Amino acid sequence: MLAVALVASLFWLVHEVRDRDSADGVTVSDRDAAMIAARGYIEAASNFGPKDLDEQNLLTAYRDRVSPLVSTSYKEQFEQQLANVTPLAVQGFGTSTTVDRAGVVEISDDRAKVLVGGETARSLADKTEEPTGYTLEIWLVKSGGTWLVDRAPCNVAQDPECTAVTEAPAEVETPGDPSAAPSDEGSKRPKEGQQ
């Protein structure tokens, strides 16, 4: 009897969420797609290192992996971040990041805010730091039916005010800038030759 009640409750909850989402013009698949896009961006942008360098010591593989995941309005900032971290990769710097949770905070027909969390570790040559936890706020925009990251992610642990930001902050610790691997312990970004 308890099992029947649990199944009925779950069925009711799923239909209530679907009905509410449909009334807002947002479907469960929109939510899933936004979460998948945010996770994919963090996995692509926060895992990089010397292995991504080509013969000209450019992060070509990294650019090819991340560029399709960002919006037109974020592309210029991403390219600047890429230019800043390329010398670090040449010196042997890299990051390794896992994603173990994601959730949609806000969503509309064409915009979404997703929180993504997990662990990341920075390395230099053969030395790797202990992984630390992170939680990032990712803003996405839907373009041509695809969710794209629309601004530099904000590290919630380092900047609790980031949820109130309406424009992209000028300086944030983000995996969009891989030299700034996210961390709940407030680690500072390595600087390009003390950049």
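Since we're looking at a predicted model, the values are computed, not measured.

Visitor: Explain the overall build of the protein chain residue by residue, including any values.
Guide: Of the regular secondary structure elements, the protein chain holds four helices and six strands. The N-to-C order of helical and strand elements in the protein chain reads α-α-α-α-β-β-β-β-β-β. Buried positions account for 42% of the 195 residues belonging to the protein chain. Restricting to contacts in the protein chain with at least 6 residues of sequence separation, those with at least 24 account for 58%. Accessible surface computed for the protein chain: about 10400 Å², of which carbon and sulfur atoms make up 55%.

Visitor: Break down the pattern of salt bridges for me, with residues and values.
Guide: On inspection of all chains with the given rule, the structure shows eight salt bridges. Between Arg-65 and Asp-52 there is a salt bridge, with the nearest N and O atoms lying 3.0 Å from each other. Highlighted residues: Arg-65 in helix α3 (residues 60–66) and Asp-52 in the loop between α2 (28–45) and α3, separated in sequence by 13 residues. Judged by relative accessible area, which is 6%, Asp-52 ranks as buried. Measuring nitrogen to oxygen at the nearest pair gives 3.2 Å for the salt bridge that ties Lys-113 to Glu-106. In this structure Glu-106 comes out as partly exposed when scored by relative accessible area, which is 41%. Taken together, the shared-partner salt bridges in this structure form one network comprising Glu-106, Lys-113 and Glu-137.

Visitor: Before we move on, could you go through the packing of aromatic side chains and cite the residues and values that matter?
Guide: Aromatic ring pairs: the centre-centre distance and the angle between the two ring planes describe each pair. Counting across every chain of the model gives four aromatic pairs. Through a chain of ring-to-ring contacts, three or more aromatic side chains come together here, namely Phe-48, Tyr-62, Phe-78 and Phe-93. The ring of Trp-139 carries the charged tip of Arg-151 above its face, separated from the ring centre by 4.7 Å.

Rules used in this analysis
- Residues numbered from 1 in each chain as written.
- Predicted model: local features only at pLDDT ≥ 70, side-chain atom pairs only at ≥ 80, totals over all residues.
- Heavy atoms only, no water.
- Helix = DSSP H or I, 4+ residues; strand = E, 2+ residues; numbered from the N terminus.
- Buried < 20%, exposed > 50% of the residue type's maximum accessible area, 1.4 Å probe, protein only.
- Contact = heavy atoms within 4.5 Å.
- Areas by Shrake-Rupley, 256 points an atom, 1.4 Å probe, with all protein chains shown as cover.
- Salt bridge = Lys/Arg side-chain N within 4 Å of Asp/Glu carboxyl O.
- Phe/Tyr/Trp six-rings, centres within 6.5 Å; stacked < 30°, edge-to-face > 60°.
- Lys NZ or Arg CZ within 6 Å of the ring centre and 35° of its normal.

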